[in-house]
Each structure stands twice: as C-alpha cells, then as structure tokens.
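Commentary on secondary and tertiary structure
Chain by chain, the residues run as shown.
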Amino acid sequence: MKVLVTDPIADAGLERLRDAGHEVETAYDVEGEALLSAVSDANALIVRSGTEVTDEVFEAATELVIVGRAGIGVDNIDIEAATEHGVIVANAPEGNVRAAAEHTVAMAFATVRSIPQAHIRLRDGEWAKSEFVGTELNGKTLGIVGLGRVGQEVAKRLDSLGMELVVYDPYISQERAAQFNAELVGELEECLERADVVTVHTPLLPETRGMIGAEELELLEGGYLVNCARGGIVDEEALAAAVEDGTLAGAAIDVFETEPVPADSTLLSVDDVVVTPHLGASTEAAQENVAVDTAKQVLAAFRGEPVANALNAPSIDEAAFDRVRPYLDIAETAGKIAVQLLEGRITDVEIVYEGEIADEDVEVVTASALKGVFEPLEWQVNAVSAPRLADERGIDVTESKRRKADDFRSLVTVTVGNGETSISVCGTLFADDDPRIVRIDGFRVDAIPYGHMLVVRNRDEPGVLGLIGTALGDAGVNIAGMFNARQTHGGEAITVYNLDHPIPESVHEELLADDRITEVNEIVLDNTESRRDAD
Ligand SMILES: NC(=O)c1ccc[n+]([C@@H]2O[C@H](COP(=O)([O-])OP(=O)(O)OC[C@H]3O[C@@H](n4cnc5c(N)ncnc54)[C@H](O)[C@@H]3O)[C@@H](O)[C@H]2O)c1
Ligand SMILES: O=C(O)[C@H](O)COP(=O)(O)O
C-alpha cells in the first residue's frame, strides 16, 4: 500500500508504516496539480493542518482508503466528499491536547505580562521596566469558550492558578462544567462580559465561524483574548481594531484565517497582539503521539478493521471488534442475497440482531449489511459510504435487537422491502466461523453462502427436484450442494442450490415453463473459490 504524507509528521509514525511493509512517500507542501498527481495512486493520505483535502483531491485519489489527520482539527478536510467517495477520515484527538493547553496558558501569560514585547525591547537595548506593568491571573475571571478536551485541560491549569472559571459551551451540562470548578453560562455574551481573559477552544464550524466579532469584543472591554483553536472563529480585523483602540488590553493568537499568515495582516502590526505560527501542537511528545496514533489508524484501515477515531465511519474498540468481526461477512452476504431476491426499487432495509450478538456494538455490522444490499445494485459503495447512500436515496434503515435467538447462539437477519413486499435472509455462524444462511423468507434452510446459488420457489410436488437437477445437468451446471424446505406438505417450497457454474438463461426459461415452479433466482456472491474448495 502507498501512504502519501503531505505535512511533516514525526518519524515514529512514518517508521510504523514502513515497518508494516508499506511504501511511504513524503511530499511536504505539495498543492494544486502536484497534490492531485501525488495522491492519484495513494491508498492513504496523512495530513496536518497544512493540506486542503478538497472534493477535487478525493476525485483524483481513486485508490484512497483513509485520510489520517495527525492532530485534531479537520476543518481542512472535506468530510462530506470523503464519505461520498467511501474514504475514511480519522483524526488523532488525544495526542496533542496537553500541548495545546500548555500553549494556551503560555499565550495567556505572554499577553497579560507583555513578555514578547518586553523581550524585543530588551534585545533592542532598552530597559523598559516601568512600561510593562502586567495583569496578575490569580483572582481574575477566565472565560472559556468551548469546554472540550483542550478547554478542560486549560480549565484545570488556570483553576490551579487561582482564576475563577466561567464557561460558554452550549453542548455540555452544568454538572460537566462543575467538575472543572467552572460555572456554565447560557450565553456567549455573559461569558465575555464577566471575563478578564477569554480563551477560545471550539472547532471551526459554520456555527463558530466569526462568532467573536466587534460587538462581542466590546463586551470583553479591558480584557484579553487568547485564540489557540482555529483562525476564523475570531474576526481578525475586528480583533486588531479592538486592541489598537484600547477596547481590549491585549490578545494572543496562534491560529489565523489564512495560514501561513500573510505578512501584511493587520494583526501582525498591532503591538499588543502576541502571535505564534500555529505552534499549539508543536512539542516533540505531541507530534510523536499524533503521528503514531495516525499510523495505527491507517494500518487498521488497511487491514479492514474499524478505525478508532474515524469521523465518518463506525468506530469500535479492538476487543469489541473481535467479537463482532465474524458477523461482518454473514451480514454482508445476507444483504446481498436479500436484495437479489427482491424485485423493484428498494425502499427499506431492516437489520435484526438476535441472541449473543444483540449484546454487542453492531454499528459496523449494520454498515456491512448495507454494503451487501447496495453492492449488487452496482452502486459505488463501501461500509463508509453505505449508511450515507441509504440516507441520500431515502431508504429507511432500521436496526433492532432481541436477546433471544430460537435454536441459535446468534442470528443476523437482513430484510429488504420495496414498499409492497419484503424478503428477509437470516444468517448465522456454525462453530463460530462457519457462515450459514438458515432462513430465506421464513423458510428454514441450511445453505453455505458462496459463488453461484440458485433459489427456486416451487410447489411441493413429486418430480420438481428431478426436473431442476436434469435441467442443470443438461446445461452442464454441476450441483455442489442443495437444500429443500417446505412450509406444508404439498404447499409452497423453496430450494437452494450451490452451483459450480453460472446458470444459462435457457435453464431459467425451462424451469419457469413448468407451472409447479413459480420463481427462479440466481444469486451471485463473490466469495472465493478457495472457500468453496475448503467446504
Ligand atoms: N493551536 C493548535 O495547534 C491546536 C492544537 C490542538 C487543538 N486545536 C484546536 O482546538 C480546538 C479544540 O479542540 P478540542 O480537542 O478541545 O475539541 P473538542 O471537540 O474536544 O471540544 C470542542 C468543544 O467546543 C464546544 N463547542 C462546539 N460548538 C460550540 C459553540 N458554538 N460555542 C461554544 N462551544 C462550542 C463543544 O461542545 C466541545 O465541548 C479545535 O479547534 C482544535 O482544532 C488547536
Ligand atoms: O488541530 C490541531 O491538532 C492543531 O491545530 C495542530 O495542527 P498542526 O498539526 O497543523 O500543527
């Protein structure tokens, strides 16, 4: 597999990938056509905040399985486009949190004590001691906007330095804020009004873009603003003006609307604005953490295992995955069979888990079942894009669980409907790893799902099986296995064959010409020949 890395990550991450036998190409700072060309044969792309991963990139990256973000913010990655192309996007949300929090605290001190400004004056030979009378953080109020991972670490640190904490975060509870000795307020305005120093820790989202502009900055009058989250959350022009005209005492900014920040940015020309070039995550420990975490996720994606921090695909921990892994194939197969037995446009899919499997986290299994349903329809699909595809095409997907599974340890049933009728196919594992189809449309069967299968509905009358066998034999189609089930003596029956060859159209016609046979369906599964041989 080829892994393309377009922003610098720590060697530890690159080594993990190489040690696993993959080709790792580093192409830092590529953009435009060069990026499109470099990514065209890549199976994984690893980025930090420096690479814009747009729809165009996904169009060009036809072999891509995963985009790994060695860090937290994914505002540079078009996740919608990734999902549409069936590409996993995963970030590394833990490894640089402490580094970002420490940088935020450092930036708070830098601005309230004018450390960079004093440093420059002294380097220039000026002992400007009397000009730099700072503000003590102890006893002041800190306004935290966004109490997520980084916000919480900042809260702990500045609480211990004697600050009162006021939090604005519409998505957390009062109790959560209280755990950090913070008071949760309902409005951003109140947070800004009450704070002496505000630190910003939200993601950049449509909702947070420009959330702190001129009006909001006025509410922080006389205070300081620290943004080590994302450029664009705070309006840069408004911030520069507010510090310049004294509305704010100062600001410290690590992240910018455009990065690298243009040299003529007004923010860079304001004395009381302290700036760093997006250094929040730039510690050796943080870089090693996120590089290794990202490499691990790329390797998991290559192995077809769930990716721990996937943002657009089901994620599940390793131990839980080991328990559901055997059901991925049978769910996909049940979906494939069900959809091939259904006529008309599919309107709904139901996946039912019964028995021991019902105790598990089955999101990945459901994604596999959906993949199975959509693949025979020749929709470009994988387990990442299948749930979205269902949503886009207005297909109703339901999932349910029952603790009891009659006669089996676990059962997975996939039912597909077309608005008028539905077909359900139920699968299980014998001896934990031997997949079987045990019910088709309510008939109890015992079919090994692989290769070419023939599903015939017929009346339970003498001679029908002989007729089918003869028709197949005459056409040179060898029968590898067969199972016949009926509901009542002389009533409707279903017969399932495993065949060694595809079925010629003439056999379909010959069988359907007999009025005892009501339906003939050939099911094509892509399971390997070796599986069949093993059987
Ligand atoms: N400067 C750096 O190098 C650096 C390093 C790490 C993280 N970051 C950035 O820091 C930010 C926070 O990262 P995190 O890991 O803590 O994210 P997180 O997802 O853990 O936390 C974000 C918090 O923001 C809250 N939030 C969302 N919308 C909000 C809104 N409209 N108003 C108020 N709160 C809102 C969420 O509820 C959540 O609690 C991100 O933007 C991330 O990219 C920057
Ligand atoms: O979101 C992040 O993780 C930080 O902003 C770090 O970004 P970087 O990896 O580009 O330094």
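From a predicted model like this one, the values you see are computed outputs, not experimental measurements.

1. Here we look at the site of ligand 1
The local shell around ligand 1 holds 32 residues, among which G73, A100, G146, G148 and G280 are the closest. Looking at the shell around ligand 1, the elements that each hand over two or more residues are α5 (97-112) and α7 (149-160). At 3 residues, α7 tops the list of elements feeding residues into the shell around ligand 1. Within the shell around ligand 1, the residues separate by chemical class into 17 nonpolar, 10 polar and 5 charged. Viewed by domain, the shell around ligand 1 spans two of them, domain 1 (2-93 + 285-302) and domain 2 (97-275), each represented by three or more residues.

2. Here we look at the sheet that holds strand β10 (residues 224-227)
Paired through their backbone hydrogen bonds, the strands of a sheet run either parallel or antiparallel. One open sheet accounts for 7 strands, arranged β8-β7-β6-β9-β10-β11-β12; its pairing is parallel. Where the open sheet ends on each side, the last strands, each with one partner, are β8 (182-185) and β12 (273-275). Mean inter-strand twist for the sheet, computed between neighbouring axes without regard to direction, equals 20°. Relative to strand β6 (residues 141-145), α7 is tilted by about 175°, and along the sheet it contacts β6, β7 (164-168), β8 and β9 (197-200).

3. Thoughts on the UniProt feature "domain: D-3-phosphoglycerate dehydrogenase ASB" (unreviewed entry) in the protein chain
Mapped onto this numbering, the UniProt entry gives "domain: D-3-phosphoglycerate dehydrogenase ASB" (unreviewed entry) at residues 324-440. In this annotation, residues 324-440 is assigned 32% helix and 33% strand; the end-to-end C-alpha distance for the span is 22 Å.

4. A word on the sheet that holds strand β14 (residues 396-402)
Ordered in space as β14-β13-β15-β16-β17-β18, the 6 strands form an open sheet in which the pairing is mixed. Looking along the sheet, the strands with just one partner apiece sit at the ends: β14 and β18 (443-447). Put simply, the sheet's adjacent strands are angled 20° from each other on average, direction ignored. With 3 bridges joining them, strand β17 (residues 434-440) and β18 adopt antiparallel strand pairing. For I440, the partnering residue across the bridge sits in β18 and is F443. Contacts from helix α13 (residues 318-341) reach β15 (410-417), β16 (422-430) and β17 within the one sheet, and its direction differs from that of β16 by about 155°.

5. Section: the pairing of β15
Regular strands place their side chains on alternate faces of the sheet. Of all 8 residues making up β15, 7 are buried, and the element is well covered by its neighbours. Here 8 bridges tie strand β13 (residues 348-355) to β15, and the two strands are oriented antiparallel to one another. Residue V349 lies in a different strand from β15, and its bridge partner there is V416. Both β15 and β16 contribute to a ladder of 6 bridges, which runs antiparallel. Across the sheet, the residue bridging to T413 is C426, located in β16. Between β15 and β16, which pair antiparallel and follow one another directly, the connecting turn spans 4 residues, one of which, G419, has a positive phi of 95°.

6. Quick word on the UniProt feature "domain: D-isomer specific 2-hydroxyacid dehydrogenase catalytic" (unreviewed entry) in the protein chain
Those residues carrying the UniProt feature "domain: D-isomer specific 2-hydroxyacid dehydrogenase catalytic" (unreviewed entry) are residues 3-312 in this numbering. For residues 3-312, helix accounts for 36% and strand for 15%, while the C-alpha atoms at its two ends are 20 Å apart.

7. Focus on the packing of α13 against helix α14 (residues 363-374)
If you want to describe how two helices pack, look at the angle between their axes and the distance between the axes. Between α13 and α14, the least distance of the axes is 7 Å, while the angle of their chain directions is 30°. Compared by their axis directions, α13 and α14 come out roughly parallel. In terms of crossing hand, the pair formed by α13 and α14 is right-handed. In this structure, α13 uses V324, Y327, L328, A331, E332, T333, A334, G335, K336, A338 and V339 to contact α14, whose residues at the interface are V364, V365, S368, A369, L370, K371, G372 and V373. Within the contact of α13 with α14, the residues separate by chemical class into 12 nonpolar, 4 polar and 3 charged.

8. What about the site of ligand 2?
Contacts to ligand 2 come from R48, S49, G50, G71, I72, G73, N96, H278, G280 and A281. Class assignment for the residues of the shell around ligand 2 results in 2 nonpolar, 7 polar and 1 charged.

9. Things to note about unusual backbone geometry
Along the chain, E259 connects to P260 via a cis peptide bond; the corresponding omega equals -5°. A positive phi angle, near 50°, is found at H278, a position not held by glycine. The exposure class of H278 is buried, given the 22 C-beta atoms found within 10 Å. Of note, D441 is a non-glycine position whose phi angle comes to about 50°, a positive value. Here D441 is to be found in the loop between β17 and β18. Judged by C-beta crowding, with 19 C-beta atoms within 10 Å, D441 ranks as partly exposed.

About the thresholds
Residues numbered from 1 in each chain as written. Chains lettered and ligands numbered in written order. Predicted model: local features only at pLDDT ≥ 70, side-chain atom pairs only at ≥ 80, totals over all residues. Near = placed C-beta within 6 Å. Helix = DSSP H or I, 4+ residues; strand = E, 2+ residues; numbered from the N terminus. Nonpolar A, V, L, I, M, F, W, Y, C, P; charged D, E, K, R; others polar. Domains from an automatic or database assignment. Pairing = 2+ DSSP bridges. Axes fitted to C-alpha atoms, helices over the stretch in contact; angles between N-to-C directions. Contact = placed C-beta atoms within 7 Å. UniProt positions renumbered as here; feature names shortened; annotations may be inferred. Buried ≥ 20, exposed ≤ 12 C-beta atoms within 10 Å, placed from the backbone. Parallel < 35°, antiparallel > 145°, perpendicular 65-115°, else oblique. Left-handed = near helix turned anticlockwise from the far one by under 90°.

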